[in-house]
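Chain by chain, the residues run as shown.
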Amino acid sequence: MNYTENYHLPQWDETDRILRKDFNSAMAQLEEGLTGNRDTAEDLRQSGGEMDEKNLKRLCRLTYNHYCAVTSMDTLPHQIGIFYQNAVKDASNITGTLLINGARFAGRNGAGLTFQSFAQSYVEGTSLNIKKNQLSSATPLTVTFIPPATGCVQRFFMNGNYSNNTGTNTTTFRITVTNLDTGSVEQTLEMTYTQKYTNAAFSEYVHGPFYFLGGVRYQIMIQPLSAVCDMTGSLAVSEDSSIGPYSNEGKVTATHTIHEQEDSLGGMVILRCNINGAGGKLTLLWDGEERQPTVRRFAQLGGGRISQELVFLRNGRIPADSTLSLSFECAEGGDFQLFDWGAVMF
């Protein structure tokens, strides 16, 4: 007589006798298995459909990876049990924010931002130094600063001298603004400067706008991309730099209702945002119940930016119509940036 691989149930050959003991044993095993499945299903029903830790971890991994794949899509195809919103591209259900530097922003910056307060933390790191035809050995121009409040600088001034120039040439520079607290590059642009003389002093506008968060350490680097002459230079701000604060009521709300054809056994909400300065209070309601983040970490967004990532898990039955409500209220001197948020149902 042969037996099945997993449950050792008898498999009779044509010449085998069907014995009562073998038959009853097989039926008993089937009874035990079916009863176990029924009890497991009943336990899930009575507990609100909660999954065991092992299965939950597996689903969470798949869910998170699926969410990350969705964020890279320009057009979201039809999906069941998923919601994703890029707050920069679509703010239809978000109130209380301004669009600043690739994020939905809210803040309360009572300290304000003036040229004098900005200049107090402004420190030159390295001066620009270019030798003709020796681009690989050029020294970029760098400055660092910590704005006392969130705001904008419309322009900087690059001052310097050039020499050993022949004819009319153009020097190209790459400008990067790096958030030194997170290591992410928040702005990148290029500028050109034309040299018409053999030797001359120069003063050139470096146009923005450049947006900065209060209390965050920044670096601006001006990297030469060509070396057509000898050149030295530094970067300055002045009263003419048009420095001003960004501030509003500092209250953000966002809501979304997920409509499905059937209930879910659980779900995951992912929120990508940055909370700066004095901070504030973040609240996520899921069907009216406040949820606390299960995971806090950092995630790299497109363009090299780094964001705080909050993951909220819900293990248990979720109704077919499920509502998410997000709110943030800034403290005085704090601000909030919202990049994206969404949910995936199990």
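Residues numbered from 1 in each chain as written. Predicted model: local features only at pLDDT ≥ 70, side-chain atom pairs only at ≥ 80, totals over all residues. Heavy atoms only, no water.

**Student:** Quick rundown of the sheet that holds strand 14 (residues 218–224)? Include the residues and the values.
**Tutor:** Strand order in this open sheet of 5 strands is 7-9-14-11-12, and the pairing throughout is antiparallel. The sheet terminates laterally at strand 7 (123–126) and strand 12 (184–195), the two strands that pair on one side only. Across the sheet, the mean angle separating the axes of adjacent strands is 20° when strand polarity is ignored. Note: strand 9 (residues 141–145) against strand 14, 5 bridges, orientation antiparallel. Within the sheet, the bridge partner assigned to Leu 141 lies in strand 14 and is Ile 222. (Pairing = 2+ DSSP bridges. Helix = DSSP H or I, 4+ residues; strand = E, 2+ residues; numbered from the N terminus. Axes fitted to C-alpha atoms, helices over the stretch in contact; angles between N-to-C directions.)

**Student:** Pulling in residues and values, what's your account of the layout of surface pockets?
**Tutor:** A water-sized probe, rolled over the atoms, reveals where empty space remains. Approximately 590 Å³ is the volume attributed to the largest pocket. Considering the residues around the largest pocket, the lining is formed by 26 residues, among which Thr 71, Tyr 84, Asn 86, Lys 89 and Asp 340 are closest to the centre. If you list the elements that add at least two residues to the lining of the largest pocket, you get helix 2 (53–71), strand 3 (82–86), strand 12 and strand 24 (335–345). Residues belonging to the lining of the largest pocket are distributed by class as follows: 9 nonpolar, 10 polar and 7 charged. Put simply, the second largest pocket is a space of about 220 Å³. (1 Å grid on protein atoms, 1.4 Å probe; cavity = no way out; pocket = protein on both sides within 12 Å on 5 of 7 lines; lining within 4 Å. Points joined across faces, edges and corners; volume = space filled by probe spheres on them. Nonpolar A, V, L, I, M, F, W, Y, C, P; charged D, E, K, R; others polar.)

**Student:** Outline the environment of Lys 132, supporting the account with residue identities and numerical values.
**Tutor:** Turning to its location among the elements, Lys 132 is positioned in the loop between strand 8 (128–130) and strand 9. Take Lys 132: its relative accessible area is 22%, and that puts it in the partly exposed class. Through-space distance from the C-alpha of Lys 132 to that of Tyr 162 is 10.0 Å; in sequence the pair is 30 residues apart. Contact partners of Lys 132, with chain neighbours within four places excluded, come to Asn 164, Thr 166, Ala 227, Val 228, Cys 229 and Asp 230. In terms of polar contacts, Lys 132 uses its side chain to reach the side chain of Thr 166, at 3.4 Å. (Buried < 20%, exposed > 50% of the residue type's maximum accessible area, 1.4 Å probe, protein only. Contact = heavy atoms within 4.5 Å. Polar contact = N/O pair within 3.5 Å; in protein donor to acceptor, adjacent residues only side chain to side chain.)

**Student:** Pulling in residues and values, what's your account of the sheet that holds strand 4 (residues 94–95)?
**Tutor:** Pairing in this open sheet of 5 strands is antiparallel, and the strands run 4-17-23-19-20 from one edge to the other. This sheet does not close on itself; its edge strands, each paired only once, are strand 4 and strand 20 (289–291). Strand direction decides the pairing type here: strand 19 (residues 280–286) and strand 23 (residues 321–330), joined by 7 bridges, are antiparallel. When the bridges of strand 23 are listed, Gly 280 appears paired with Cys 330.

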